[in-house]
Amino acid sequence: MRALVQTVSRASVTVDGTMVGAITDGLLVLVGVTHDDTPQIARTLARKVHELRILDDERSAADTGAPVLVVSQFTLYGDARKGRRPSWTAAAPAAAAEPLVETFADELRARGAKVETGRFRTHMLVESVNVGPRTVLLEI
């Protein structure tokens, strides 16, 4: 699994004109799933994201109670090394990825995080205002 973590002053996801998730002063986390990922990997990545010291004064969402917006992002597994058209073969299909992204979000909630999410298998409009900007790519 991969997670692209960004500090944001605000972030939201809109589907069909309806805002389905929004946060202020927290973390936007784009999550990609590959074929051999497991629920345990999802839980481990959630712990790392929650404890990642990316906020002001080297604090984490666990320290501050910062909210998290989780958005599935299969394109984190895009491969364009052989040309200009990315291959998505390393990304897990939606049927396999969706429960792992849900496990990731559920683990964050179990750790006390306020979590908002996007929606699987929809055309999402993701808006964010980055702070810093601070962006970290985590991979397990």
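Everything numeric in this text was worked out from a predicted model, so none of it was measured.

(A) The arrangement of the packing of aromatic side chains in detail. Summed over all chains, the structure comprises one aromatic pair. Consider the rings of Phe-74 and Trp-88, whose centres lie 5.3 Å apart with planes at 75°: the pair is edge-to-face. With a gap of 14 residues between them, Phe-74 in the loop between strand S3 (68-72) and helix H3 (94-110) and Trp-88 in the loop between S3 and H3 connect regions that are remote in the sequence.

(B) Quick peek at the nonpolar core. Counting 28 residues, the largest nonpolar core has Val-5, Leu-27, Val-29, Val-49, Val-70, Phe-104 and Leu-108 as the members making the most contacts within it. Within the residue set of this core, elements represented by two or more residues are strand S1 (2-15), strand S2 (18-32), helix H1 (39-51), S3 and H3. No other element matches H3, which puts six residues into this core. If we skip the residues at most four places from it in the chain, Phe-104 touches Met-1, Val-29, Val-31, Ala-42, Leu-45, Ala-46, Val-49 and Val-70. One finds Val-8, Val-15, Ile-23 and Leu-69 within the second-largest nonpolar core, a separate group that totals 12 residues.

Cut-offs applied
- Residues numbered from 1 in each chain as written.
- Predicted model: local features only at pLDDT ≥ 70, side-chain atom pairs only at ≥ 80, totals over all residues.
- Heavy atoms only, no water.
- Phe/Tyr/Trp six-rings, centres within 6.5 Å; stacked < 30°, edge-to-face > 60°.
- Helix = DSSP H or I, 4+ residues; strand = E, 2+ residues; numbered from the N terminus.
- Core = buried A, V, L, I, M, F, W, Y, C linked by side-chain atoms within 4.5 Å.
- Buried < 20%, exposed > 50% of the residue type's maximum accessible area, 1.4 Å probe, protein only.
- Contact = heavy atoms within 4.5 Å.

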